[in-house]
Amino acid sequence: MSRCRAAQAVLLASLAVLVTACGGGPDGAGGTSQAPGAPASGIPDTAAIVQGVQKDAQLNAALPANVKQAGLHLASNLQSAPNNFYAADGKTPIGYEVDLAKAIAAKLGVPVTHQDMAFGSLITSLQSGRIDLTMAGMNDTKARQAQIDFVDYFTSGITIMIRKGNPDGITGPDALCGKNVAVVQGTSHQKFAEAQSTKCTQAGKPALNVTATDSDNQNQNQLRTGRVAAILNDLPSAVYISRTAGDGKFFEVVPGEPIEGGPYGIGVNKQNTPLRDSVQKALQALITDGTYGKILQAWGVEQGALKEAAVNGGS
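Quantities reported herein were computed from a predicted structural model and do not represent experimental measurements.

The rules behind each value
- Residues numbered from 1 in each chain as written.
- Predicted model: local features only at pLDDT ≥ 70, side-chain atom pairs only at ≥ 80, totals over all residues.
- Heavy atoms only, no water.
- Helix = DSSP H or I, 4+ residues; strand = E, 2+ residues; numbered from the N terminus.
- Buried < 20%, exposed > 50% of the residue type's maximum accessible area, 1.4 Å probe, protein only.
- Lys, Arg positive; Asp, Glu negative; His and termini not counted.
- Salt bridge = Lys/Arg side-chain N within 4 Å of Asp/Glu carboxyl O.
- Expected span 1.5 Å × (residues − 1).
- Contact = heavy atoms within 4.5 Å.
- Pairing = 2+ DSSP bridges.
- Axes fitted to C-alpha atoms, helices over the stretch in contact; angles between N-to-C directions.
- Parallel < 35°, antiparallel > 145°, perpendicular 65-115°, else oblique.
- Left-handed = near helix turned anticlockwise from the far one by under 90°.
- Core = buried A, V, L, I, M, F, W, Y, C linked by side-chain atoms within 4.5 Å.

Break down the side chain of E97 for me, with residues and values.
With respect to the element layout, E97 can be found in helix 5 (residues 96-108). Buried and unpaired, E97 has R144 as its nearest opposite-charge partner, separated by 11 Å.

Written out as structure tokens, the structure reads:
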């Protein structure tokens, strides 16, 4: 399902100059893509870091034959700054996930191509063999592990994003009762919103009015115009958006620890153990040699760094 590019363009055109991102750790939704022609002052130059990665011949030899021949075909939901989004040309994928994917591919000695895809289609596309990997701020959970395997690369949690000045008085999850809340379809944000709504009604309070869309940019527009009181997002995206959209004048993040924190995972088909293991070893090598840390630091999200690239480490 494609997102509404026209609506995205209208919203993004209003965003002010980007500044350096910072934050902790999404579940496939969040961030703000740059509109074509928008300033790029907040985009780090990570080319030298990625280009410094050396091919590991042993890891390359262990790759499935089709990957060695055609490279990695990776799908993301490309609208999630600073995770993965489009550069000023509106065509080039960028973000810390994009840089990590390039570095992993370089370590494996193959090219990588990115495909923009609705978050809800990622797992089924992986299962059907249309793509080799997913890397879209997807939480590694036991439920998803029943469908695909994960190589964990980051840790995050859900954060509540509100309008600047908090006109709706939202101080935490319990303050969402009776409020209009926007999420992206198919994410853990949606599941949490539904669970929180049930918690509200069980306590005798009004349920959440949850709006689920395919685009976090649509959700931001709804929040800016007051149609919703809050967006559920992941920490790096929420902080990035709050500090960059409208030069930091549009949104803010409700203080507190991230909700339901856990790792993000690179998704791999459960039948493709050789690829999963090769990706895990490549990422672990990047963690060990410091490349991984340099990429996260460049994007301001080093708080979400992992010390180990675990397989199916989520709960």
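Outline the environment of K270, listing residues and values.
Note on placement: K270 falls in the loop between strand 11 (259-269) and helix 11 (273-289). Looking at K270, the relative accessible area reads 33%, which means it is partly exposed. Sequence spacing of K270 and Q147 is 123 residues, and the spatial spacing of their C-alpha atoms is 7.3 Å.

Before we move on, can you summarise helix 11 with the specific residues and values?
Its 17 residues place the ends of helix 11 24 Å apart at the C-alpha level, agreeing with the 24 Å of an ideal helix rising 1.5 Å per residue. Those residues of helix 11 not exposed but buried are L275, R276, S278, V279, Q280, A282, L283, L286 and I287. Note on helix 11: the residue one or two positions beyond its end, G290, has a positive phi of about 95°.

Could you give an account of the environment of P274, with specific residues and numbers?
Among the structural elements, P274 can be located in helix 11. When near neighbours in sequence (up to four residues on either side) are disregarded, P274 contacts A62 and P64.

Outline the pairing of strand 1 (residues 72-76), listing residues and values.
Along strand 1, four of the five residues are buried, which leaves the element largely enclosed by surrounding structure. Relative to strand 5 (residues 133-134), strand 1 is paired through two bridges, and the arrangement is parallel. Note on strand 5: the bridge partner recorded for L74 is L133.

Summarise helix 5; cite the residues concerned and give the values.
Counted at 1.5 Å a residue, the expected span for helix 5 with its 13 residues is 18 Å, and the 18 Å between its end C-alpha atoms agrees. G109, located one to two residues past helix 5, shows a positive phi value of around 80°.

Give a detailed account of the packing of helix 5 against helix 12 (residues 291-298), specifying residues and quantitative values.
Between helix 5 and helix 12, the shortest axis-to-axis distance is 9 Å and the interhelical angle comes to 160°. By the angle class used here, helix 5 and helix 12 are roughly antiparallel. Helix-helix and strand crossings are classified by hand; for helix 5 and helix 12 the assignment is right-handed. Contacts between helix 5 and helix 12 involve Y96, D99, L100 and A103 from the first element and Y292, I295 and L296 from the second.

How would you summarise the nonpolar core if you had to cite specific residues and measurements?
For soluble globular proteins, nonpolar side chains are generally found buried alongside one another. Judged by nonpolar contacts, the single largest core of 41 residues is most densely connected at L72, Y96, L108 and Y153. Secondary structure elements with two or more residues in this core: strand 1, helix 5, strand 6 (148-163), strand 11, helix 11 and helix 12. It is helix 5 that provides the largest number of residues to this core, a total of seven residues. Of all hydrophobic cores here, the second largest spans 17 residues; its members include I158, C177, F192 and L232.

Lay out the pattern of salt bridges with the relevant residues and their values.
Across all of its chains, the model carries five salt bridges by this definition. A salt bridge links K199 to D174, with the shortest nitrogen-to-oxygen separation between them at 3.4 Å. Of this pair, K199 sits in helix 8 (residues 188-202) while D174 sits in the loop between strand 6 and strand 7 (180-184); the two residues are 25 residues apart in sequence, bridging distant segments of the chain. Take K199: its relative accessible area is 45%, and that puts it in the partly exposed class. Notably, a salt bridge pairs R276 with D277, separated by 3.0 Å at the nearest N-O pair. For R276, a relative accessible area of 16% translates into the label buried.

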